[in-house]
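One letter stands for each residue in the lines below.
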Amino acid sequence: MELNNSKAKRITWWQKNQIKVSPWIFLAPGLIFFFIYVIAPIFVSIGISFYQWDGLSPSIYVGLQNYIELLDDEYFYISLWNNLKWLVFFMLAVPIGLGLAIFLNQVVFGIRLVKSLFFFPFVISQVVIGLIFTWFYQPNYGVIAPFLNFIGLEGFSILANEDTATYGIIFAGLYPQIAYCLILYLTGLNNINPEQIEAGRMDGAKGFHLFWNIVLPQLRPATFLAIVVTIIGALRSFDMVAIMTQGGPYGYSNVLAYYMFEQALSEYGYRMGYGSAIATVLFTIMMFYILFFIYRMYRNEREDNN
């Protein structure tokens, strides 16, 4: 008995808590880097937005002056309006990706080759896609030039027109985003419970009713992820604008992310505080949408469980 008691006393804290502590040890490096490179810069950027600073000279505290200046900045409202256009039209990637996923989720000869062609935009760099579409839009030798000439718009430049430049960039951005949503929905379709499909068919459900009442509810996680990723992509759109128009013509294709870059880091600005104020507004908008959809997803999960 005394020998058994001595062995029990020798059990260390690590032996008692090994199962609970081990996952946190593996997560610790990722959490540390996430805090250093994501969380901390967010609060640093918010702090800088209350200062006037060019990145080199001593910073001057100006309080809410940068945010007050935003209220009278015409190009800030243009950029914000363009972001809203991105948000509305970029959401087309979700239903289009779903439709293509249903079309490609077939067991027929050669479907793997067809799938690889649809996956191709996802693996191409955004810079390359921006350059390709810039060539497509060329008014003289672009791919769509013959069509424009046919409808009487000879020499019309989509990216040089303030009314059409933003829509041309959005269309180019949809190309890889649809492929991303397609991948998410194909993964979701592969995880659908076939027993529910068979039960629905036995109850007389078919066609659109089968899809709407049985297939689509099982794709809710994929839909949630597709919507969140698409919203983030629309609000942080930068690379396409930088490659295709650099915010032109005359700033009419600017978005908040690129306007922030212009004010803070380009030859037009070096106004770190003002750029950080724009970044803070953009971050607030993104968090609002993300938290809203997370809340909707959580509420729907609770309703399903109840």
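This is a predicted model, so every value here is computed, not measured.

Novice: Can you walk me through the side chain of Ser 253 in this structure?
Specialist: Its place among the elements puts Ser 253 in the loop between α13 (239–244) and α14 (256–264). Judged by relative accessible area, Ser 253 falls into the buried class, the value being 1%. Of note is the side chain of Ser 253, whose polar atom sits 3.3 Å from the backbone oxygen of Gly 247. Those residues in contact with Ser 253, other than ones at most four positions away along the chain, are Asn 82, Ala 165, Thr 166, Ile 169, Val 241, Thr 245, Gly 247 and Gly 248.

Novice: Just to check I follow, could you spell out the nonpolar core for this structure?
Specialist: If you look at the biggest cluster of nonpolar residues, it comprises 55 residues, and the most contacted ones within it are Leu 70, Trp 86, Ile 169, Tyr 185, Leu 219, Met 240 and Met 244. Broken down by element, this core gets its largest block of residues, 11 residues, from helix α9 (residues 165–190). With residues near it in sequence (within four places) discarded, Leu 70 still touches Phe 76, Tyr 77, Tyr 274, Ala 277, Ile 278 and Val 281.

Novice: Help me out: how do you make sense of a nonpolar patch on the surface in this one?
Specialist: A cluster of nonpolar residues, Ile 32, Phe 33, Phe 34, Phe 35, Ile 36, Tyr 37 and Val 38, forms a patch on the protein surface that exposes about 740 Å² of accessible area. Position of Val 38 among the secondary structure elements: in helix α2 (residues 13–48).

Novice: I keep staring at helix α7 (residues 126–136) and nothing clicks. Help me out?
Specialist: Owing to its 3.6 residues per turn, the α-helix aligns residues three or four sequence positions apart on the same side. Along α7, the residues classified as buried are Ile 129, Gly 130, Phe 133 and Thr 134. Viewed along the axis of α7, the buried residues span an arc of 135°, placing them on a single side of the element. The elements touched by buried residues of α7 are α6 (111–123), α9 and α13. For α7, the capping residue at the N-terminal end is Ser 125, with a side-chain oxygen 3.2 Å from the backbone nitrogen of Val 127.

Novice: How should I be thinking about the packing of α9 against helix α12 (residues 220–235) in this particular structure?
Specialist: Between α9 and α12, the shortest axis-to-axis distance is 9 Å and the interhelical angle comes to 160°. The orientation of α9 relative to α12 falls into the category roughly antiparallel. By crossing handedness, the relation of α9 to α12 is classed as right-handed. Taken together, the residues of α12 that come into contact with α9 (itself represented by Gln 177, Tyr 180, Cys 181, Leu 184 and Tyr 185) are Ala 222, Thr 223, Leu 225, Ala 226, Val 229 and Thr 230. Split into classes, the residues belonging to the contact of α9 with α12 amount to 8 nonpolar, 3 polar and no charged.

What counts and what doesn't
- Residues numbered from 1 in each chain as written.
- Predicted model: local features only at pLDDT ≥ 70, side-chain atom pairs only at ≥ 80, totals over all residues.
- Heavy atoms only, no water.
- Helix = DSSP H or I, 4+ residues; strand = E, 2+ residues; numbered from the N terminus.
- Buried < 20%, exposed > 50% of the residue type's maximum accessible area, 1.4 Å probe, protein only.
- Polar contact = N/O pair within 3.5 Å; in protein donor to acceptor, adjacent residues only side chain to side chain.
- Contact = heavy atoms within 4.5 Å.
- Core = buried A, V, L, I, M, F, W, Y, C linked by side-chain atoms within 4.5 Å.
- Patch = residues over 30% accessible without salt bridge, like charges linked within 9 Å, V, L, I, M, F, W, Y side chains within 5 Å.
- Areas by Shrake-Rupley, 256 points an atom, 1.4 Å probe, with all protein chains shown as cover.
- Salt bridge = Lys/Arg side-chain N within 4 Å of Asp/Glu carboxyl O.
- Arc of directions from axis to C-beta.
- Axes fitted to C-alpha atoms, helices over the stretch in contact; angles between N-to-C directions.
- Parallel < 35°, antiparallel > 145°, perpendicular 65-115°, else oblique.
- Left-handed = near helix turned anticlockwise from the far one by under 90°.
- Nonpolar A, V, L, I, M, F, W, Y, C, P; charged D, E, K, R; others polar.

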